[in-house]
Amino acid sequence: MSTRTLISPAQLARPRGKALYWVVFGLVVTLFTVVFLGPMYWMVSSGFKNTQEAVQTPPTLVPESFEPDNYSQAWNVMDLASLLGNTLFYAFGALAFQLVFDVAAAYSLSKLRPVLGKAILGLMLATLMIPATVLVVPQYLTVLDVPIFERNLLNTPWAIWLPSVTNAFNIFLLKRFFDSIPRELLDAASMDGASPMRTLWSIVLPISRPILGVVSIFAIVGVWKDFLWPMLTLPDPAKQTLNVGIYSLSNGVPMNVLIAALTMASLPTLAIFLIFQRNIMSGLTAGGLKG
């Protein structure tokens, strides 16, 4: 079976066709590089400019006034160390809850096959079609006065952790991966006397590291980039996340210092993606094939 391409192998073998191919390839790569890395370069470079140069139009491509102290000033003025610590605490707490409850739900739906399991999964996936902004008001009223317990969870980590526990998309990813695990492997463990919990802990989780890594990254980045919900539920400045804290302290701060703070706030998530991009792709495609 032959593969159809835009340029035939015969045309590509000719010098003119090969030159045209590399020219088009170079233009496409350059265009996508400018589109995706251009805003990042502008943000990083603007953090080194003085206030006047940072806001001038048109912007300068290379900083004419190099002021690296803007980053240290942003770190101190915006209290980024405290905000970063708060964000890490919320992010890894949400990660712990998601790994426990989402893995349990996905394993149950995939291998234990409960009654009405398909209907439950369908209702879970249906929640993905509901805009997140629609759920803000009922979630806020719930956090303001938790039913039965009658507790106010504002300015507590539970206001961030509880709404992120049951993530339908992560449960779906985990279930797809668990479906690809051969049933014979679990049956052999059962014949050796392993309980469902023992099978999950000793067999399923060790071979599920790729998808667990993907879910972990999604959980951390989800809390890291969230703005509206932490702003509503964490009014205390000492307990705010990185995004909310920078927004709250942005009044009266020079533009170049603010851009430097935003640059440092975006670096952790960018680093996570660059380091684990191969794991993300392998984890997303691992459940697509039966092994």
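Our structure is the block above this text.
Conventions used here
Residues numbered from 1 in each chain as written. Predicted model: local features only at pLDDT ≥ 70, side-chain atom pairs only at ≥ 80, totals over all residues. Heavy atoms only, no water. Helix = DSSP H or I, 4+ residues; strand = E, 2+ residues; numbered from the N terminus. Rg over C-alpha atoms; globule rule 2.2 N^0.38 Å. Buried < 20%, exposed > 50% of the residue type's maximum accessible area, 1.4 Å probe, protein only. Contact = heavy atoms within 4.5 Å. Areas by Shrake-Rupley, 256 points an atom, 1.4 Å probe, with all protein chains shown as cover. Lys, Arg positive; Asp, Glu negative; His and termini not counted. Charge placed at Lys NZ, Arg CZ, Asp CG, Glu CD. Axes fitted to C-alpha atoms, helices over the stretch in contact; angles between N-to-C directions. Parallel < 35°, antiparallel > 145°, perpendicular 65-115°, else oblique. Left-handed = near helix turned anticlockwise from the far one by under 90°. Nonpolar A, V, L, I, M, F, W, Y, C, P; charged D, E, K, R; others polar.

A.B. asks: Explain the overall build of the protein chain here, please?
C.D. replies: The helix and strand tally for the protein chain stands at 15 helices and zero strands. The globule rule puts the C-alpha radius of gyration for 291 residues at 19 Å, and the 25 Å found for the protein chain is more than 25% above it. Burial statistics for the protein chain: of 291 residues in total, 32% are counted as buried. Partitioning the intrachain contacts of the protein chain with sequence separation of at least 6 by distance along the chain shows that 71% fall at a separation of at least 24. Split by element, the accessible area of the protein chain, about 18200 Å² in all, is 69% carbon and sulfur. Computed over 18 positive and 14 negative side-chain charges, the inter-centroid distance for the protein chain is 19 Å.

A.B. asks: Got a minute to help me understand the packing of helix α10 (residues 183-191) against helix α11 (residues 196-204) in this structure?
C.D. replies: Helix-helix packing is described using two parameters, namely the angle between the two axes and the distance between the axes. Running from N to C, α10 and α11 point in directions that differ by 125°, and their axes come no closer than 10 Å. In terms of axis orientation, α10 runs oblique to α11. Here α10 runs over α11; the crossing is right-handed. Contact with α10, carried on its side by Leu185, Leu186 and Ala189, involves Thr199, Ile203 and Val204 of α11 and no other residues of that element. Tallied by class, the residues present in the contact of α10 with α11 amount to five nonpolar, one polar and no charged.

A.B. asks: Could you clarify how one ought to interpret unusual backbone geometry in this entry?
C.D. replies: Apart from glycine, the bulk of residues carry a negative phi angle, and the bulk of peptide bonds sit in the trans form. With an omega dihedral of -5°, the bond running from Thr57 to Pro58 counts as a cis peptide bond. Tracing the chain through its elements places Pro58 in the loop between α3 (51-55) and α4 (69-77). Residues other than glycine seldom take positive phi values, yet Ile148 does so here, at roughly 75°. Structurally, Ile148 can be placed in the loop between α7 (136-144) and α8 (158-161). In this model, Asn155 sits at a positive phi of 65°, which is unusual for a non-glycine residue. Mapped onto the secondary structure, Asn155 falls in the loop between α7 and α8.

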